[in-house]
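Each chain is listed here by its residues.
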Amino acid sequence: MHTADLRAGIDIGATWIRGGLIDRHGSLSSLLRVPTPTAGSSSLVVTEAVSTILDEILPKTPPGTGIGIASAGPLDLRSGSIVSSPNMAFDRIEIVSPVEERFGRPATLINDCRAAALAEEAFGAGRGRGDLVYITFSSGIGGGVISGGRLLSGAGGNGGEVGHFYVDGRYGLICGCGGRGHFEAYASGTGIPRFYARFLEEEGETAPVLDSADAILSSMDPVACRFRNELAAVCGRGLSSIIAAYNPEVIIFDGPVVRNHPDFVPAMVNRVDRYLPVPECLVSPLGGYAPLIGAGVVAWREGSLDCDPLPVSSP
């Protein structure tokens, strides 16, 4: 493919930093990933990891074109930094300025789930939908919202943080952000094992040791089955709040927890209250790459983060 048809995207997650080239149809190529640094003398180790990927893929894009960078938040878009992220090892990670200085190209930072919502609206399960919510169940729980055909960003670019909706007052689990009772503390990949352990303690149960979300969601042990009912109830509360807040046409689920266990989606949805009609609920068709594809969408739009028509053609 000619380089004029490619843009560079980066996705900074808690576990991996991924990069690749995105074409006009949302297809990915030249995929690379490196572990997200969890130690070092400063946050520059994260910037250097990003630069290592860009060194490889940027020469395949037109000179001067922008770079889209999606990242777990919270973000400070004014300074182009990741700040106080509960799933990152450093309190502040400057990204935009170092990348622009090193490569001489404009870079745009966007929350990873907001980027994913753009990808779903352009190429995924949200095509033709002006009102959608994207939710990922990964190391944390994140959300991206398109409402009335436009991306909901909020004053600082951190709108739609559904993982920090309050969902429980019984078990009192503490979220990585320090809050208590948040959705992420119960239903994320890291939260599910902690919730399971607390459930056993509260119920006075003894059961096989299950120390991963996959093991807990796959187990046929009767206690694990009872726990999944409780987990589904908590998730139903979170989804009920999301539906009441945003009234979407479709909710798109993503992240390893859901992709590995799609049968858990109807269990969650069945516990949603019916204050508003339950929208269509789908698992993302983008193979776990929605945030990276969304970073490419931002690069194609030369940094524009609203939901005006994309300068890309349909597949």
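Each value, and the rule that gives it
- Residues numbered from 1 in each chain as written.
- Predicted model: local features only at pLDDT ≥ 70, side-chain atom pairs only at ≥ 80, totals over all residues.
- Heavy atoms only, no water.
- Helix = DSSP H or I, 4+ residues; strand = E, 2+ residues; numbered from the N terminus.
- Contact = heavy atoms within 4.5 Å.
- Core = buried A, V, L, I, M, F, W, Y, C linked by side-chain atoms within 4.5 Å.
- Buried < 20%, exposed > 50% of the residue type's maximum accessible area, 1.4 Å probe, protein only.
- 1 Å grid on protein atoms, 1.4 Å probe; cavity = no way out; pocket = protein on both sides within 12 Å on 5 of 7 lines; lining within 4 Å.
- Points joined across faces, edges and corners; volume = space filled by probe spheres on them.
- Nonpolar A, V, L, I, M, F, W, Y, C, P; charged D, E, K, R; others polar.
- Disulfide = S-S within 2.5 Å.
- Pairing = 2+ DSSP bridges.
- Axes fitted to C-alpha atoms, helices over the stretch in contact; angles between N-to-C directions.
- Phe/Tyr/Trp six-rings, centres within 6.5 Å; stacked < 30°, edge-to-face > 60°.
- Lys NZ or Arg CZ within 6 Å of the ring centre and 35° of its normal.
- Parallel < 35°, antiparallel > 145°, perpendicular 65-115°, else oblique.
- Left-handed = near helix turned anticlockwise from the far one by under 90°.
- pLDDT = per-residue confidence, 0-100.

Participant: Which parts of the structure should I look at to understand the environment of Tyr289?
Facilitator: Mapped onto the fold, Tyr289 is located in the loop between strand 13 (280-283) and helix 10 (290-300). For the pair Tyr289 and Ala116, spaced 173 residues apart in sequence, the C-alpha separation works out to 8.1 Å. The residues touching Tyr289, leaving out its near neighbours within four places in the chain, are Arg18, Leu28 and Leu31.

Participant: How should the nonpolar core be read in this particular structure?
Facilitator: Nonpolar side chains in soluble globular proteins tend to end up buried together. By size, the foremost hydrophobic cluster in this structure holds 44 residues, and its most contacted members are Ile135, Phe137, Leu231, Ile242 and Phe253. No other element matches the 11 residues that helix 7 (residues 222-246) contributes to this core. With residues up to four places along the chain from it excluded, the contact list for Phe137 reads Phe183, Ala187, Cys235, Phe253, Asp254, Gly255, Pro256, Val257, Val258 and Met268. With 27 residues, the next largest nonpolar core counts Ala8, Val46, Val96 and Leu109 among its residues.

Participant: What's the story with the layout of surface pockets in this structure? I'm lost.
Facilitator: Empty pockets left among the atoms are what a rolling probe the size of a water molecule brings to light. When its volume is computed, the largest pocket comes out at roughly 790 Å³. Considering the residues around the largest pocket, the lining is formed by 40 residues, among which Gly13, Ala14, Asp112, Ser138 and Ser139 are closest to the centre. Looking at the lining of the largest pocket, the elements that each hand over two or more residues are strand 2 (16-22), helix 3 (112-123), strand 9 (132-137), strand 10 (141-147) and helix 8 (256-260). Looking at the lining of the largest pocket, its residues break down into 14 nonpolar, 18 polar and 8 charged.

Participant: Where do I start with the state of the cysteines in this structure?
Facilitator: Among covalent bonds in proteins, the disulfide is the one between the sulfur atoms of two cysteines. Under the defined criterion, the tally for this structure stands at 0 disulfides. In this structure Cys177 is not part of a disulfide, and its nearest cysteine sulfur, from Cys175, lies 3.7 Å away. Cys235 carries a free sulfur, and the closest cysteine sulfur to it, the one in Cys281, is 12 Å from it. On the accessibility criterion, Cys235 (1% relative accessible area) is buried.

Participant: Please clarify how the sheet that holds strand 4 (residues 67-71) should be interpreted in this entry.
Facilitator: The strands that make up a sheet are held in pairs by hydrogen bonds between backbone atoms, and each pair lies either parallel or antiparallel. Strand order in this open sheet of 5 strands is 3-2-1-4-8, and the pairing throughout is mixed. With one partner strand each, in any of the chains shown, strand 3 (28-35) and strand 8 (107-111) form the two edges of the open sheet. Along the sheet, successive strands turn relative to each other by an average axial angle of 20°, direction set aside. Judged from the 5 bridges that link them, strand 1 (residues 7-12) and strand 4 form a sheet pairing that is parallel. Along strand 4, the bridge assignment pairs Ile10 with Ile69.

Participant: Got a minute to help me understand the packing of aromatic side chains in this structure?
Facilitator: To describe a pair of aromatic rings, you give the distance between the ring centres and the angle between the ring planes. Taken as a whole and judged by the stated rule, the model has 7 aromatic pairs. Look at Tyr196 and Phe227: their rings are 5.2 Å apart centre to centre, the planes differ by 75°, and that puts the pair in the edge-to-face class. Pair noted here: Tyr196 is in helix 5 (residues 191-203) and Phe227 is in helix 7, with a separation of 31 residues, a long-range link. Residue classification places Tyr196 among the buried residues on the basis of a relative accessible area of 2%. With relative accessibility at 0%, the residue Phe227 sits in the buried group. Put simply, the rings of Tyr171, Tyr186, Phe195, Tyr196, Phe199 and Phe227 touch in pairs and so form one group of aromatic residues. Geometry around Trp16 places Arg33 over its ring, the cationic atom sitting 3.6 Å from the centre.

Participant: Looking at this model, I keep getting lost on helix 2 (residues 96-103). Mind explaining?
Facilitator: The α-helix advances 3.6 residues per turn, and as a result positions three or four apart in sequence lie on the same side. Every buried residue belonging to helix 2 is among Val96, Pro98, Val99 and Phe103, and all of these are buried. Structurally, helix 2 contributes buried residues whose contacts are with helix 1 (44-57), strand 4, strand 7 (92-94) and strand 8.

Participant: Looking at this structure, how should I read helix 10?
Facilitator: The buried fraction of helix 10 amounts to 11 of the 11 residues, a majority that puts the element mostly inside the structure. Where helix 10 is concerned, the buried positions are Ala290, Pro291, Leu292, Ile293, Gly294, Ala295, Gly296, Val297, Val298, Ala299 and Trp300. Just past helix 10, the residue Glu302 takes up positive phi, approximately 55°.

Participant: Explanation requested: the packing of helix 1 against helix 2 in the structure shown.
Facilitator: Helix-helix packing is characterised by the crossing angle of the two axes and by the distance between the axes. Two elements in contact, helix 1 and helix 2, have axes whose closest approach is 10 Å; the angle formed by their N-to-C orientations is 40°. Relative to helix 2, the element helix 1 is oriented oblique. The element helix 1 and its partner helix 2 pack so that their crossing is right-handed. Across the interface between the two elements, Thr47, Glu48, Val50, Ser51, Leu54 and Asp55 from helix 1 touch Pro98, Val99, Arg102 and Phe103 from helix 2. Partitioned by chemical class, the residues of the contact of helix 1 with helix 2 number 5 nonpolar, 2 polar and 3 charged.

Participant: Could you clarify how one ought to interpret the confidence of the model for the protein in this entry?
Facilitator: Low-pLDDT portions of the prediction should not be read for the details of their coordinates. In the predicted model, the protein carries a mean pLDDT of 91, and 95% of its residues have values of at least 70. Low confidence marks residues 307-315, where pLDDT is under 50. Its contacts with residues over four positions away, or in another chain, come to 24 contacts.

Participant: Just to check I follow, could you spell out the packing of helix 5 against helix 7 for this structure?
Facilitator: Interhelical geometry of helix 5 versus helix 7 gives an angle of 115° and a closest axis separation of 10 Å. One finds that helix 5 runs roughly perpendicular with respect to helix 7. In this structure, helix 5 crosses over helix 7, and the sense of that crossing is right-handed. Where helix 5 approaches helix 7, its residues Ile192, Phe195, Tyr196, Phe199, Leu200 and Glu203 are matched on the opposing element by Val223, Ala224, Arg226, Phe227, Glu230, Leu231 and Val234. Residue classes in the contact of helix 5 with helix 7 are distributed as 10 nonpolar, no polar and 3 charged.

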